[in-house]
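Summary of the model geometry
Now for the letters of each chain:
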Protein chains: 4
Amino acid sequence: MIVVMKAHSNNEEIQHVLKFLQNHGLSGHLSQGVERTVIGVLGQTGNAGLPSGIGGITPGLEDSLEGLPGVDNVLRVSKPYKLASREFHPENTTVEVPVACVADGSVTIGGKDVVMMAGPCTVETEKQLMTAAEAVRKAGAVILRGGAFKPSTSPYGFRGLGEKGLQLLAKARHEFGMAVITEVMTPSDVAMVCEYADILQIGTRNMQNYMLLDEIGRTNKPVVLKRGMSATIEEWLLAAEYVLSQGNKNVILCERGIRTFEKATRNTMDISAIPVAKTLSHLPIISDPSQGTGHRHLVGPMTLASIAAGTDALLIEVHPNPDEALKDGAQSLTIQQFNELMPQAQAVAHAIGRDFITR
Amino acid sequence: MIVVMKAHSNNEEIQHVLKFLQNHGLSGHLSQGVERTVIGVLGQTGNAGLPSGIGGITPGLEDSLEGLPGVDNVLRVSKPYKLASREFHPENTTVEVPVACVADGSVTIGGKDVVMMAGPCTVETEKQLMTAAEAVRKAGAVILRGGAFKPSTSPYGFRGLGEKGLQLLAKARHEFGMAVITEVMTPSDVAMVCEYADILQIGTRNMQNYMLLDEIGRTNKPVVLKRGMSATIEEWLLAAEYVLSQGNKNVILCERGIRTFEKATRNTMDISAIPVAKTLSHLPIISDPSQGTGHRHLVGPMTLASIAAGTDALLIEVHPNPDEALKDGAQSLTIQQFNELMPQAQAVAHAIGRDFITR
Amino acid sequence: MIVVMKAHSNNEEIQHVLKFLQNHGLSGHLSQGVERTVIGVLGQTGNAGLPSGIGGITPGLEDSLEGLPGVDNVLRVSKPYKLASREFHPENTTVEVPVACVADGSVTIGGKDVVMMAGPCTVETEKQLMTAAEAVRKAGAVILRGGAFKPSTSPYGFRGLGEKGLQLLAKARHEFGMAVITEVMTPSDVAMVCEYADILQIGTRNMQNYMLLDEIGRTNKPVVLKRGMSATIEEWLLAAEYVLSQGNKNVILCERGIRTFEKATRNTMDISAIPVAKTLSHLPIISDPSQGTGHRHLVGPMTLASIAAGTDALLIEVHPNPDEALKDGAQSLTIQQFNELMPQAQAVAHAIGRDFITR
Amino acid sequence: MIVVMKAHSNNEEIQHVLKFLQNHGLSGHLSQGVERTVIGVLGQTGNAGLPSGIGGITPGLEDSLEGLPGVDNVLRVSKPYKLASREFHPENTTVEVPVACVADGSVTIGGKDVVMMAGPCTVETEKQLMTAAEAVRKAGAVILRGGAFKPSTSPYGFRGLGEKGLQLLAKARHEFGMAVITEVMTPSDVAMVCEYADILQIGTRNMQNYMLLDEIGRTNKPVVLKRGMSATIEEWLLAAEYVLSQGNKNVILCERGIRTFEKATRNTMDISAIPVAKTLSHLPIISDPSQGTGHRHLVGPMTLASIAAGTDALLIEVHPNPDEALKDGAQSLTIQQFNELMPQAQAVAHAIGRDFITR
């Protein structure tokens, strides 16, 4: 951490900062330039409650320093996350998911191959789910998505079938051999969802629901952590840090579009988040081009773009009859469209030396 | 709702839309212009589960229509919220809060006068809280703020004293006669926080924590609903709709800055949200210039700006010794600064024909 | 255009709107719903100065309507641009550029194949330019980029060699047979730049420099129109409309990243703009992953992502010695990195059924 | 400037950075911490072309350093602007404008008092302009605004009367004694506009039209520099630096709203920009609540908020008959509304110890 004093700050102010640092068990290294003085902070600035070896800046400290008289700015030098950071864990993390329909009995997310997760946005009826599941399995998906608990921007919208929906998902898994990924929205539902699902999904609006992150961190289940719609990559990795610090290593990041000024798309898919996250973190990262665009005709191009950029998996909404979808019909692919997309996705994966795990 | 067909859409596509509407108990009114056809949707597009008389567009319907072949765009005509809407509730809502230190024994938020709520960002120690409480009471605040449960972007940051913090807040209320406002972060804490606090605060990161909104909606307590850092005003009012629709009418909106590209401030305070919200909704709206700017020297100007724009209350962070604050020290006012701010705030309130309730 | 009245607007207000429309040679079609009245605007709302057959909403009209008493909102039904719109020009536009080093003597941008444009960000010295030009030509680029006039955020930054830079570009064209693309920043430079360059580039900060758009529109040269860093796709197509309406049909859109809250990248590359623009417009669209990310290690992934999403060309910064670049060194590829990228780009192009034109 | 190396960077990489600095006449001060090495850059990093005493970071240098192997990040310590910076010019700048209708014959912008500038968005007809001018003068405005050259997002919109409009403005000045402020859009118009106007306005879309900034900087006229709709305050002050560095000291900043995700307002007025700019710079700063909100009913509250936050002047659109305005009618106040606003504005100004100069 570096404390930048204002130009023309006086010696009293500088001494005050040094003393403050001392009181916190740190020391300051003065560098007096032509225009201004800069103070390098030395010593362990981490929080005492951290596992040994993990440093980092105590947020409160940075804040307080910034407020001291004469201080212009405090610049952070290290990243505020450690467990999620590639700097301290150079090897890629891979997450194993049990999948009955593939030869090995499991798929690896974050490994050499790309994984397709598909299914309806929401579990609406048994027939709808089974039809979608059968179709996506045929086309090459190995993990089934479907929402039982849906976040609805309006209190009057459909909120999902709840446990009934989870049961249908489990039935589909049994029937078609795909693993199941579904969203859990509140800590008190975590245990129940763990019984039915293979991967827990934390939705964009819950990326900073810290109680939920803690609760899920205390399980062993693979977790897909969706980026908050306005979360910086740093905040996203700090959210991952919550889960990791509770002991659950199986965290998968998911880019699903961010909020910008552009309204032609529901969100703006931040494809660069894929290579950026892979540079900063060792965690796998996947893409949701359905939420990420909000429009059916954009799902294909953004799927291919994600693969070309290095995504480890896709999470695509497919509905047997999107016209009748209770939610998000406009962004769901038809079964035919999904069938057409898979070989295109395969071709792009091959072009970058990867393959889709489909059996 | 209006369905705009693409230019050169064919009759088959138009008929398909009309049939779709029919299947949903609606009808379409065709308007065939030179360039394109536009279909007005008639009939009750609301969700059957709504209280009678409350219409509105079922989100799923709008989505599905948008995905139909030949459809360019679907334009919504009515607002998606009703209980929060001034169009259906023209009279201002006022929220009563019991406050022992004022003559009437209660203060009205959203009435003729402006209310000052102040205190430390976080309850750290008994001494810190009592010192701050005594000082802000003296200066004219009637409601004490202080966090017992703090959202921390990093898992290594200070998260608050929990119930112990609530007890200290209750003690301060007893001692100084101010009402207490504090944040509750998860549904399972709602009951406990209700025992100690007079106003429940829903934080920016929880504005779309729907389980939490529902739980709080089932209480009677006044609620301060902070705007999500990237929430549109419409999404904000829909979040209010969640609380209102559970039966709790005592909802107070709070502008606390939104996320933009500008980094000179921690958030960008959206002062225009005050008059905009008052136009669209009947709910009181207050301001948090501390979170809203992140910098101590900006709190004063943004307090005065909020008052001039019509805010019903301020929520200001004051710390006896900000240098030592465990969180957000850089944006906390010192006691002296708060003492200087109050008369300025009063002067601006008078200039627009209002007053601060201080005794 | 549709005028949405406020709920409970009165008949006087409705009549006022109808009369206003009448005064402007339009008529209104009343639709009185349960909650509110909606008025469809009929008749030609276009500007009299437009070429015959081109309608559209006069911006002033929409504005004025919105301000009438009782009006809640005005919804536009048609797009405000016509010449740029695919709805009225369904066939793709292709732009021919003379290129000596390919068999045909020209390349087509927006046709079946993808085009590589590469070179240094800025023309610094003859040696630097020739070295870069030779290298990128060898690797497969057919169009040379290089800035002679550079926009500099700071008045103290390097602003380019001016005409001397243009002369060096012309020399490189002569030597290596590539066409030249370079930025022109002000109307009075247009004629001069036309003498030296094959493609004129309008930079992101000049997307709404209307005088410049007009001037360039009066030439015949191919134009690359960079998206404003905060321009909606609609504003971007309206800027294209400026150029097109002056008679110059050779407009190529270029996505170069937009401004968002994320600071890990210099801009956020909006890959979805590629398929969105292709849906709304018939103009070719290309990508600049160098400006779009600001970081060398991201240029490769975003190049591949752009190709997978359907881009018609890339515009990549390559410097023989980025450490010594006068501008934007951090985002320039080395020659070796560019050599490694080309075959990867080819592979992804093949995967989607396209090829790079390289000879 | 501080170069932060990646964790585990090797000695070779560190030496490479030190050598690079040496080659540029700088030196590096190594600070090797537990996790990583940080290198403080010492020596004059400014551009040789600057007036003596003016340092600052050469943008190219920062960029190049960031691209060196092993470098994680480069942190800038000083501001990139000097002439605009309060750190080097602690006294407020005031700008004198000749105004015949006040006792002194001139008004000071940035001094003790607040100034009202008002008039129509665009000069449409002589009658419209004179009616508006007379009315705003009566109500207390001392400077008349009116556009002769209008930026129009659509090529089909009204672009202003050009020189004819300037002549009408000059006529109104002669008649009512107010100074005139009007926008100039391109360098070749600067001389002509200087003949007619007292204050030149640089519009939001031209904030980075560097040729225009240079040209205007070569005049002596007071300049109102509107913030780019997505410009950071730093970029804004760098644009001011362009004008200042050409010798024109009379630069006035104008906040007019920034682009955000919120669509309820045309732009989001950034009121905090007022105190932030006053902290970072010595230049006066004024507000445009008309462009800043886009809606008539918001202009009043945002005017009062701006005054309370410390604005030095307002720039308000007033039209005798907004229903018939050729542009921006929805945000123009009627004459009656402006008459009602002035006393409110006065009251708020008094509340913060200031006054409006009206005679």
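Residues numbered from 1 in each chain as written. Chains lettered and ligands numbered in written order. Predicted model: local features only at pLDDT ≥ 70, side-chain atom pairs only at ≥ 80, totals over all residues. Heavy atoms only, no water.

Below, the discussion takes up the packing of helix α10 (residues 296-309) of chain B against helix α10 (residues 296-309) of chain D. Running from amino to carboxyl end, α10(B) crosses α10(D) at an angle of 155 degrees, the nearest separation of the two axes being 7 Å. Overall, the two elements α10(B) and α10(D) adopt an arrangement that is roughly antiparallel. Here the hand of the crossing between α10(B) and α10(D) comes out right-handed. Where α10(B) abuts α10(D), its residues Pro301(B), Leu304(B), Ala305(B), Ala308(B) and Ala309(B) lie against Pro301(D), Leu304(D), Ala305(D), Ala308(D) and Ala309(D). Of the residues that constitute the contact of α10(B) with α10(D), the class distribution is ten nonpolar, no polar and no charged. (Axes fitted to C-alpha atoms, helices over the stretch in contact; angles between N-to-C directions. Helix = DSSP H or I, 4+ residues; strand = E, 2+ residues; numbered from the N terminus. Parallel < 35°, antiparallel > 145°, perpendicular 65-115°, else oblique. Left-handed = near helix turned anticlockwise from the far one by under 90°. Contact = heavy atoms within 4.5 Å. Nonpolar A, V, L, I, M, F, W, Y, C, P; charged D, E, K, R; others polar.)

The subject of this paragraph is the side chain of Arg296(A). If you trace the backbone, Arg296(A) turns up in helix α10 (residues 296-309). Of the side chains with opposite charge, Asp323(A) comes closest to the buried, unpaired Arg296(A), at an N-O distance of 4.9 Å. Separated by 2.8 Å, the side chain of Arg296(A) and the backbone oxygen of Gly329(A) make a polar contact. Not counting residues within four places of it along the chain, the set of residues in contact with Arg296(A) comprises Pro322(A), Gly329(A), Ala330(A), Gln331(A), Ser332(A), Leu333(A), Gln337(A) and Gly67(B). (Buried < 20%, exposed > 50% of the residue type's maximum accessible area, 1.4 Å probe, protein only. Lys, Arg positive; Asp, Glu negative; His and termini not counted. Salt bridge = Lys/Arg side-chain N within 4 Å of Asp/Glu carboxyl O. Polar contact = N/O pair within 3.5 Å; in protein donor to acceptor, adjacent residues only side chain to side chain.)

Moving on: the interface of chain A and chain C. In this assembly, 33 residues from chain A lie in contact with 33 residues from chain C. Taking both sides of the interface into account, the surface hidden between chain A and chain C amounts to around 2400 Å²; carbon and sulfur atoms contribute 76%. Of all residues in chain A, the largest losses of buried area upon contact with chain C belong to Phe261(A), Glu262(A) and Ser272(A), amounting jointly to 21% of the total for that side. There are two salt bridges connecting chain A and chain C. Seen at the junction of chain A and chain C, the total is four residue pairs in polar contact (both at pLDDT 80 or more). Contributing elements (two or more residues each) for the side of chain A that touches chain C: α8 (273-280), α10 and α11 (335-351) of chain A. Here the side of chain A that touches chain C gets eight residues from one element, more than from any other, and that element is α10(A). (Buried area = accessible area lost by both parts, 1.4 Å probe.)

Next up on the list: the pairing of strand β5 (residues 95-98) of chain A. Residue and element names in this part refer to chain A. The two faces of β5 differ: Val-95 and Val-97 on one face are buried, but Glu-96 and Pro-98 on the other face are not. Pairing of β5 with strand β6 (residues 106-109) involves four bridges; the strand directions are antiparallel. Counterpart to Val-97 in the pairing with β6 is Val-107. (Pairing = 2+ DSSP bridges.)

Residue His8(A) is not a glycine yet carries a positive backbone phi of 65 degrees. The residue His8(A) is located in the loop between β1 (2-5) and α1 (11-23) in this model.

Let us look at helix α8 (residues 273-280) of chain B. Of the residues making up α8(B), those classed as buried are Ala273(B), Ile274(B), Pro275(B), Val276(B) and Ala277(B). Elements in contact with the buried residues of α8(B): α7 (233-245), β12 (251-255), β13 (285-287) and α10 of chain B together with α10 of chain D.

Right, let's get into the environment of Ser245(A). Residue and element names in this part refer to chain A. Along the chain, the position of Ser-245 falls in helix α7 (residues 233-245). Taking the C-alpha atoms as reference points, Ser-245 and Lys-82, separated by 163 residues in sequence, lie 9.5 Å from one another. At 2.9 Å, the side chain of Ser-245 forms a polar contact with the backbone oxygen of Tyr-242.

Time to look at the interface of chain C and chain D. Taken together, the contacts link 55 residues of chain C with 55 residues of chain D. Between chain C and chain D, the buried area comes to about 4500 Å², and carbon and sulfur atoms account for 51% of it. For the pair chain C and chain D, the number of links is four salt bridges. For Glu235(D), the salt bridge goes to Arg259(C), with nearest N and O atoms at 2.7 Å. Between chain C and chain D we count 25 residue pairs in polar contact (both at pLDDT 80 or more) in total.

The subject of this paragraph is the UniProt feature "domain: DAHP synthetase I/KDSA" (unreviewed entry) in chain A. Annotation from UniProt places "domain: DAHP synthetase I/KDSA" (unreviewed entry) at residues 106-347 of chain A. In this annotation, residues 106-347 of chain A is assigned 40% helix and 16% strand; the end-to-end C-alpha distance for the span is 23 Å. (UniProt positions renumbered as here; feature names shortened; annotations may be inferred.)

All names here are of chain D. Taken in spatial order, the four strands line up as β2-β3-β1-β4 in an open sheet, and their pairing is antiparallel. Two strands bound the open sheet, and with one partner strand each, they are β2 (27-32) and β4 (71-75). Averaged over all pairs of adjacent strands, the angle between strand axes in this sheet comes to 20 degrees, irrespective of strand direction. Here β2 pairs with strand β3 (residues 37-42) via six bridges, running antiparallel. Its bridge partner lying in β3, Gln-32 is registered against Thr-37.

We describe a pair of aromatic rings using the distance from one ring centre to the other and the angle between the two ring planes. Residue and element names in this part refer to chain B. In this structure the tally under the stated criterion is four aromatic pairs over all chains. For the pair Tyr-210 and Tyr-242, a centre-to-centre distance of 4.4 Å together with 20 degrees between the ring planes defines the contact as stacked. Taken together, the residues Tyr-210 in helix α6 (residues 210-217) and Tyr-242 in helix α7 connect sequence positions 32 residues apart. On the basis of relative accessible area, Tyr-242 is assigned to the buried category, the value being 0%. (Phe/Tyr/Trp six-rings, centres within 6.5 Å; stacked < 30°, edge-to-face > 60°.)

Moving on: the packing of α7(B) against α8(B). All names here are of chain B. Contact pair α7 / α8: the axes reach a minimum separation of 11 Å and the direction vectors enclose 55 degrees. Classified by the angle their axes make, α7 and α8 are oblique. The element α7 and its partner α8 pack so that their crossing is right-handed. Counting all contacts with α7, which are made through Ile-233, Trp-236 and Leu-237, the residues of α8 involved are Ala-273, Val-276 and Leu-280.

Turning to the pattern of salt bridges, a few remarks are in order. Tallied over the full model, the rule gives 72 salt bridges over all chains. Here Arg76(B) makes a salt bridge to Glu234(B), at a shortest N to O gap of 3.1 Å. With Arg76(B) in the loop between β4 (71-75) and β5 (95-98) and Glu234(B) in helix α7, this residue pair connects regions lying 158 residues apart in the sequence. A salt bridge links Arg159(D) to Asp214(C); the shortest N-O distance between them is 2.9 Å. Note that Arg159(D) is positioned in the loop between β8 (143-145) and α4 (163-176) and Asp214(C) in helix α6 (residues 210-217), a pairing that runs across two chains. Residue class for Asp214(C) comes out buried when judged on its relative accessible area of 9%. Each of Arg227(A), Glu255(A), Asp270(A) and Glu262(C) takes part in a single network of salt bridges with overlapping partners.

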